[in-house]
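Tertiary structure, described
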6 protein chains.
Amino acid sequence: MSITTLRTDGRAADELRPVTITRNWNAHAEGSALIEFGGTRVLCTASFESNVPRWLKGQGSGWVTAEYAMLPRATNTRSGRESVRGKIGGRTHEISRLIGRSLRAVVDTKALGENMITLDCDVLQADGGTRTAAITGAYVALVDAVEWARQQGHVSKRAEVLKDSIAAISVGVLPDGQAVLDLPYSEDSTAETDMNVVVTGSGDFVEIQGTAEGAPFKREELDRLLDLALGGTDRLAQLQREALAQ
Amino acid sequence: MSITTLRTDGRAADELRPVTITRNWNAHAEGSALIEFGGTRVLCTASFESNVPRWLKGQGSGWVTAEYAMLPRATNTRSGRESVRGKIGGRTHEISRLIGRSLRAVVDTKALGENMITLDCDVLQADGGTRTAAITGAYVALVDAVEWARQQGHVSKRAEVLKDSIAAISVGVLPDGQAVLDLPYSEDSTAETDMNVVVTGSGDFVEIQGTAEGAPFKREELDRLLDLALGGTDRLAQLQREALAQ
Amino acid sequence: MSITTLRTDGRAADELRPVTITRNWNAHAEGSALIEFGGTRVLCTASFESNVPRWLKGQGSGWVTAEYAMLPRATNTRSGRESVRGKIGGRTHEISRLIGRSLRAVVDTKALGENMITLDCDVLQADGGTRTAAITGAYVALVDAVEWARQQGHVSKRAEVLKDSIAAISVGVLPDGQAVLDLPYSEDSTAETDMNVVVTGSGDFVEIQGTAEGAPFKREELDRLLDLALGGTDRLAQLQREALAQ
Amino acid sequence: MSITTLRTDGRAADELRPVTITRNWNAHAEGSALIEFGGTRVLCTASFESNVPRWLKGQGSGWVTAEYAMLPRATNTRSGRESVRGKIGGRTHEISRLIGRSLRAVVDTKALGENMITLDCDVLQADGGTRTAAITGAYVALVDAVEWARQQGHVSKRAEVLKDSIAAISVGVLPDGQAVLDLPYSEDSTAETDMNVVVTGSGDFVEIQGTAEGAPFKREELDRLLDLALGGTDRLAQLQREALAQ
Amino acid sequence: MSITTLRTDGRAADELRPVTITRNWNAHAEGSALIEFGGTRVLCTASFESNVPRWLKGQGSGWVTAEYAMLPRATNTRSGRESVRGKIGGRTHEISRLIGRSLRAVVDTKALGENMITLDCDVLQADGGTRTAAITGAYVALVDAVEWARQQGHVSKRAEVLKDSIAAISVGVLPDGQAVLDLPYSEDSTAETDMNVVVTGSGDFVEIQGTAEGAPFKREELDRLLDLALGGTDRLAQLQREALAQ
Amino acid sequence: MSITTLRTDGRAADELRPVTITRNWNAHAEGSALIEFGGTRVLCTASFESNVPRWLKGQGSGWVTAEYAMLPRATNTRSGRESVRGKIGGRTHEISRLIGRSLRAVVDTKALGENMITLDCDVLQADGGTRTAAITGAYVALVDAVEWARQQGHVSKRAEVLKDSIAAISVGVLPDGQAVLDLPYSEDSTAETDMNVVVTGSGDFVEIQGTAEGAPFKREELDRLLDLALGGTDRLAQLQREALAQ
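Nothing here was measured: the structure is a model prediction, and the numbers come from that model. (Residues numbered from 1 in each chain as written. Chains lettered and ligands numbered in written order. Predicted model: local features only at pLDDT ≥ 70, side-chain atom pairs only at ≥ 80, totals over all residues. Heavy atoms only, no water.)

What follows concerns the packing of aromatic side chains. Within the structure shown, the criterion is met by 19 aromatic pairs over all chains. An angle of 85° between the planes, with centres 4.9 Å apart, marks the rings of W55(B) and W63(B) as edge-to-face. Among the residues examined, W55(B) registers a relative accessible area of 51% and is labelled exposed. Between R41(B) and the ring centre of W25(A), over which it is positioned, the NZ or CZ distance is 4.3 Å. (Phe/Tyr/Trp six-rings, centres within 6.5 Å; stacked < 30°, edge-to-face > 60°. Buried < 20%, exposed > 50% of the residue type's maximum accessible area, 1.4 Å probe, protein only. Lys NZ or Arg CZ within 6 Å of the ring centre and 35° of its normal.)

Each of the two chain copies goes to the other by way of a rotation about an axis and a shift along it. By a simple turn and slide, chain B fits onto chain A: the slide is 0.0 Å along the axis, the RMSD is 0.0 Å, and the turn is 180°. Interpreted geometrically, this transformation is the action of a two-fold axis. The residues that chain B uses at the interface reappear at the interface of chain A in 100% of cases, marking a shared surface. (Least-squares fit on C-alpha atoms with pLDDT ≥ 70 in both. Contact = heavy atoms within 4.5 Å.)

Take the relation of the copies chain A and chain F next. Note on the copies: chain A fits chain F at an RMSD of 0.0 Å, the axial shift is 0.0 Å, and the rotation between them is 180°. Both copies share a contact surface, since 100% of the interface residues of chain A are interface residues in chain F too.

With that out of the way, let us pick up the pattern of salt bridges. Scanning all chains against the criterion turns up 114 salt bridges over all chains. Between D120(B) and R81(A) there is a salt bridge, and its shortest N-O distance comes to 2.8 Å. Of this pair, D120(B) sits in strand β5 (residues 116–125) while R81(A) sits in the loop between β4 (63–70) and α1 (82–85), each in a different chain. Residue R81(A) is classed as buried on the basis of its relative accessible area, which comes to 9%. Here D127(E) ties to R17(E) by a salt bridge, and the two come within 3.9 Å at their closest N and O atoms. Of this pair, D127(E) sits in the loop between β5 (116–125) and α4 (130–151) while R17(E) is found in the segment before β1 (19–23), placing the two residues 110 residues apart along the sequence. Looking at R17(E), the relative accessible area reads 5%, which means it is buried. The network of salt bridges with common partners includes D9(A), R11(A), R17(A), D127(A) and D182(A). (Salt bridge = Lys/Arg side-chain N within 4 Å of Asp/Glu carboxyl O. Helix = DSSP H or I, 4+ residues; strand = E, 2+ residues; numbered from the N terminus.)

Listed per partner, the contact involves 27 residues of chain A and 27 residues of chain F. Both sides together, the interface formed by chain A and chain F hides about 2,600 Å², and carbon and sulfur atoms give 48% of it. If you sort the residues of chain A by the area they bury against chain F, E94(A), F205(A) and R219(A) come out on top, with a joint share of 24%. On inspection of chain A and its partner chain F, the count reaches eight salt bridges. Here E94(A) ties to R97(F) by a salt bridge, and the two come within 2.7 Å at their closest N and O atoms. If you look at where chain A meets chain F, you find 16 residue pairs in polar contact (both at pLDDT 80 or more). Only α2 (90–104), β9 (205–212) and α6 (219–245) of chain A provide two or more residues apiece to the side of chain A that touches chain F. Element by element, the count of residues in the side of chain A that touches chain F is highest for β9(A), at eight residues. (Buried area = accessible area lost by both parts, 1.4 Å probe. Polar contact = N/O pair within 3.5 Å; in protein donor to acceptor, adjacent residues only side chain to side chain.)

On the chain A side, the residues contacting the 34 residues of chain B number 34 residues. A combined buried area of about 2,800 Å² lies between chain B and chain A, and 48% of that area is made up of carbon and sulfur atoms. If you look at where chain B meets chain A, you find 12 salt bridges. Residue composition of the side of chain B that touches chain A, by class: 15 nonpolar, 10 polar and nine charged. (Nonpolar A, V, L, I, M, F, W, Y, C, P; charged D, E, K, R; others polar.)

Residues and elements named next belong to chain A. Per the UniProt annotation, the sites labelled "domain: Exoribonuclease phosphorolytic" (unreviewed entry) are residues 15–145 and 165–230. Measuring from the first to the last C-alpha atom of residues 15–145 gives 31 Å, for a span that is 30% helix and 31% strand. Along residues 165–230 one finds 24% helix and 41% strand; the C-alpha atoms at either end are 14 Å apart. (UniProt positions renumbered as here; feature names shortened; annotations may be inferred.)

All names here are of chain A. In the UniProt entry, the feature "binding site: phosphate" (unreviewed entry) is given for R91, G129, T130 and R131. For the annotated residues, spread through 41 residues, the largest C-alpha to C-alpha distance comes to 13.5 Å, consistent with a single compact locus. Of note, G129 is situated in the loop between β5 (116–125) and α4 (130–151). Relative to the elements of secondary structure, R131 occurs in helix α4. Judged by its relative accessible area of 19%, R131 is buried.

Residues and elements named next belong to chain C. Tracing the backbone through its elements, the reader meets S170 in strand β6 (residues 166–173). S170 sits in the buried class, given a relative accessible area of 4%. Within the structure, S170 has its side chain in polar contact with the backbone nitrogen of L183 (distance 3.2 Å). Residues in contact with S170, not counting those within four places in the same chain, are T132, V180, L181, D182, L183, M195 and N196.

When two helices pack together, their arrangement is given by the angle between the helix axes and the distance between those axes. Residue and element names in this part refer to chain D. Where helix α2 (residues 90–104) contacts helix α4 (residues 130–151), the two axes come as close as 10 Å, and the packing angle between them is 40°. With respect to α4, the element α2 is oriented oblique. Crossing handedness for the pair α2 and α4: right-handed. Contacts between α2 and α4 involve R91, I95, L98, I99, S102 and L103 from the former and T130, R131, A134, I135, A138, Y139 and L142 from the latter. Broken down by class, the residue content of the contact of α2 with α4 amounts to nine nonpolar, two polar and two charged. (Axes fitted to C-alpha atoms, helices over the stretch in contact; angles between N-to-C directions. Parallel < 35°, antiparallel > 145°, perpendicular 65-115°, else oblique. Left-handed = near helix turned anticlockwise from the far one by under 90°.)

The following block contains the structure:
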């Protein structure tokens, strides 16, 4: 690993792409954020419902769930709509489940009461890291939806629905052996190892998904990747706080 | 009909909502436009392919098609994803077909050669008139995609692929009998008659779809609505020219 | 336009094909009619249910809906079954919705009470104008089903469920510029403009769907087409009355 | 078993309902027949294609297949469309396969050459025995389609495509122990045993499907049912010959 | 028919393949059996539920149903998963329905009370006769599930839920005219006639499904096949008793 | 964490459940293994095809893919079949993708040539760790299928298709804070953290998927879990070698 090599976009190995979070991009949703990680652009909306899925009824707990999708031309070549094919692909399912699990990790579902919040994360433009941008932006939309529910009296003013913040970032090992943070599509598509890490505002792990796309990776590489990831999520947590402070 | 009554948003009966057309909103597509009719926001992308559907192969003609969809939280209450339900609803199908037919009306498919352009019109936020905004914005994306194809040599420089411009607007009769142009959701949902009109830059009709939602309508009302529509599409054609001139 | 040219089947421009309406063709349905417009043959059945869709429950109103379909060999070449493909095509959806809207335009759903009538319009043989034949025949089946419901005491004897009659016809502009009424498949497939018009017994419009298949059309052509259509639906309304009088 | 008891419709135990076969009911198909067994009415069309399914290509053999379906209101209460549900039910599949197998039993697929005939059997009105009426009517449509193919030169004039005729009938044991032929819905729905028998013109079996709906049945009952069935299919074979002679 | 010819596996014409029934192969189900007919291996599980389908509620009766499926590599060449294709094939549907009907023929659904038992029959390895093995094995699983329900108090101790035992076997006519019992895949795939017979422990018929795959068959052949089948199911009933006695 | 506490099944924290690998359980597949991790029982079959998916044709490379599924009654309560529901659930998709990726990590697809191997992993009985058992067993089936392909001459005798072995295990943190290896369902369903780790025979990571089901986890816990996992996969690699040596 030679940390002196610059990346194609000139960033340092441990540097995030420019991140923008635009709150309330959508006029209808109880919470929403358009989040950008460089050329990746995800619209996250939070929809509140005073209701829970059937299997939760009468238990005094709420639920938070997520659906992830890509517009057909979010990517470089157009891909067919899942609604037209009549099936949701495996990748879509997997990411939707990941986003839902990640957000629930910081939600006290008892404090939420018998209410449900659905996070829709629609990728308007993709350039790597769509799932991590989705988690990071969905958290902001979720905070606003919980606040809305509090204002409307659906949730008790004293309830601590959110136990912490949550953010996610990708890390990977490039073919030259360099470990890097926040990979755009050009790096991601050739990386030897690819890892997505979901971390709370306090710095604890909620999810680690690492895959050897090329050669299997060693424990030392794993450690280097986790260091980078924790630096990135720490910075994202700060950007979330700034966005929510406005 | 009392033309002195102001509409809820203060517009005159024959006035469009503020229209914004942002070209090249998407970095990947061969043509794209984010179009806004007031609170309605549709992302239109044009995807070029040097290929035609099987039933057209070897005939020297191209094809233009469209797919319309809404994000789940484009509307005031969240609606389930069609990809999750595994079926495209009737309304979605109908509007996709309308957009495709409308654009093909101004395309010389022979001049396009054996190439295909797919227009994706995704409603990011809905406030009435989504199909008319989609047609109007898709035309702008289509112009840029044809130009791109010309630059790339996929289409002959001298070919006149586009025979005219195309735009669309809604008109309707309010419960008080007033005929109005470009209805937002609040007006649309209570209108007695609802009509979508697709008109070329030269002022000829490509499509008229009028429906009595309340009482059946008379020939005089139809005439009044068509007058309003032609005024609106004339103004939209001018806005398209301005956007394309930039 | 040369109104002296005879059409391929020898009809005048403003002449309907032979229309036959056979009431009670089906022994099980609460109302039914086999309607023929020349070689187009549609079986319309009305099914009554003392129940409404969930979203209407407890509101004291009823509902009328329709489903349109074609047998695989209704057309000149066999087309695959939608049940086998597992999806309903866009055209089917669109026509089903049109039939339902058209019938509801003459139904007082309050007077119907919390009851539902489903009109199934199955095309047994197609030769152009299947949707207009379906609307015209479905009205006859609907009248009989409402009468049945009255006899059975499901609907009050004094309720005026049907506010008017409803019929539909196609009009179009042939390649020679001639505007004609009630197009068979041979004319429809080459028409420049194609329009379906749904009109009440009183002569008011319920639906106008006009499409430029070839060149866009001008306002004068539209006026000529509407004149023809109103003549046709007036004649159909009379044939409906005659069928119901038997 | 008391053979003196009359059946509800006055028939003797071994008597068919009135059978009507109307050839060429459909103007488009290469062969067609509307067949009626009492109140059961099935439209059978045969569609010829100079092509075979992929798995048969290049083997010099043809194929005959069938699709069975019911209109929603063929029955006493309306049932949902399979196209709307997006799935074909088990019963539909099973009957389609039975009809296809039965017809192939009398077809010399080598003599047919690389051609395919699809039999669509659509039940317009149901009153028991729809699958047996479908097989019996489909044979008539098939004969006409083969003749058409011969006239068109798709099939050699000397080829003996059809090796025999084929017909089918239902038999059953009523609750009073009586074995009867050709059960209408009222008998079928209460029968202890229900059997469908497919027999060639020469009197050999192609398919026997017997089910104990109530008590299991004994070998003697089976023998009695087969006697009745062979009498019925013999009579149907004669009616097929008469229809084809016209 | 020459009864002196030995079959490829050396069996006599009226001889079953080795049959093994392993009870309680599955640790979770209320009843289960792994049944083997030679190389055919079917895992049958019975799942008990104190509940009935909606259409049975409040009638004091229970229900028994079955689902049949094959693992993708149960057969000699891999076949695609029905879950991946998103549709259940006709053959699967047909066999599932046959198994359910066969088991219900020996169940007193009133005695079962408002409870439901689902038999899953999954073919782990196929070598002909999978549906008959499934019925024979499912009966054993059903007996254990009923006994479990009795122990748990869901079903009255005195209720005679099972009126008889049930077993099934295949019979067929080989190309040399020989009628044989229990066909492995190699015989089944070339048989002229193929018949599945479902018989109670008392020797009465519940289902007969005979198909001429090659030449139609005569009444004498049918009689010979039924004789063989009754011998086979008698032997299977004994093996079921032995398995249940352990 | 108290490492002195015994687990419910008496195992030490770093002890695997009894593992059994039965090779060639299926008579048809080119490779197969029934693998058991305690009460978890997965049938893995490898199907060889001299063909590649369309997107790989002509590139001289092969492909290895996997499909995972559960029998309906593999679990304690019956779950509906995905084939009946017509959709594959997110969890199934996700695990199928994980198995495929894990196996491909040790396959030299160039050395495999233009051939494809599909691993079907069907869970016959589930008690936690089904995905890890599936990966571990699928490797054994894969080795046998590659060997078969070599014997048949589909793959060069000198080609090193398999670069290493691959195995997987689950690790987790119990509510009392204890980190444990190879969790059965009873532990898995209450674990605070749940991690699946896929490791090559050489001890390098191919996949790490860790999820905080309860409280987020700290870096030290992660390290402890990885230690346990590496011990477990090392033992599994040895068991694979022993099975393949027989």
